[in-house]
Amino acid sequence: MKKLIALILFPFLVVSFGAKANDNFSVEIEALTLVMEKYKEDTESSVELDIEDIKPSYMALRQDECNATVEVTEKTGLEVVSTEYFDVNVCLKEIYKVIN
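What you see is a predicted model, and the numbers here were worked out from it, not measured in a lab.

Visitor: Which residues make up the sheet that holds strand S1 (residues 55-62), and what values go with them?
Guide: In space, the four strands of this open sheet follow the order S1-S2-S3-S4, with antiparallel pairing throughout. In this open sheet, the two edge strands, each paired with only one partner strand, are S1 and strand S4 (94-98). Shown here is a sheet whose adjacent strand axes are inclined to one another by a mean of 25°, direction ignored. With ten bridges connecting them, strand S2 (residues 67-76) and strand S3 (residues 79-89) associate as antiparallel partners. Bridge pairing links glutamate 71 to tyrosine 85 in S3.

Structural data, given as structure tokens:
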């Protein structure tokens, strides 16, 4: 009987602890959202007639409470076409492109 009660209550305990996971990644999520919006505007304004479909992938690395670095990699299947880096200040909502 005790095992049955434990099995019923266990999922509710796990869900309550897992619900706070996004608080830890709020800077990264906000930085990714800002860059995705900016990147979408830039790609829509430059119309290209490519046969291959280029798809971007995003990765964010948190630096502190307000800053993150976002890497945007454009790929066609397995081939990497280009990689761009952005420094994002989430508090001021500013995006700076890093020039290598």
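From this point, the discussion proceeds with the structure in view.
Visitor: Talk me through the state of the cysteines; I want residue IDs and the actual numbers.
Guide: Here a disulfide denotes one covalent bond, and it connects the sulfur atoms of two cysteines. Summed over the entire model, instances satisfying the criterion amount to one disulfide. Residue cysteine 66 pairs covalently with cysteine 91 via a disulfide, S to S 1.8 Å. Measuring handedness by torsion sign, the sulfur bridge of cysteine 66 and cysteine 91 sits at about -70° and is left-handed. Within this pair, whereas cysteine 66 is found in the loop between S1 and S2, its partner cysteine 91 is found in the loop between S3 and S4, the two being separated by 25 residues in sequence. Assessed through its relative accessible area of 22%, cysteine 66 is described here as partly exposed.

Visitor: So, the pattern of salt bridges: which residues are in play, and what are the values?
Guide: Summed over all chains, the structure comprises two salt bridges. The partner of lysine 93 in a salt bridge is glutamate 30, and the shortest N-O contact between them spans 3.1 Å. Here lysine 93, found in the loop between S3 and S4, pairs with glutamate 30, found in helix H3 (residues 26-45); they are 63 residues apart in sequence, far enough to count as distant. For lysine 97, the salt bridge is made with glutamate 84, and the minimal N-O distance between the two is 3.1 Å. Residue lysine 97 is located in strand S4, and its partner glutamate 84 is located in strand S3; the two are separated by 13 residues in the primary sequence. Judged by its relative accessible area of 23%, glutamate 84 is partly exposed.

Criteria and cut-off values
- Residues numbered from 1 in each chain as written.
- Predicted model: local features only at pLDDT ≥ 70, side-chain atom pairs only at ≥ 80, totals over all residues.
- Heavy atoms only, no water.
- Pairing = 2+ DSSP bridges.
- Helix = DSSP H or I, 4+ residues; strand = E, 2+ residues; numbered from the N terminus.
- Axes fitted to C-alpha atoms, helices over the stretch in contact; angles between N-to-C directions.
- Disulfide = S-S within 2.5 Å.
- Buried < 20%, exposed > 50% of the residue type's maximum accessible area, 1.4 Å probe, protein only.
- Salt bridge = Lys/Arg side-chain N within 4 Å of Asp/Glu carboxyl O.

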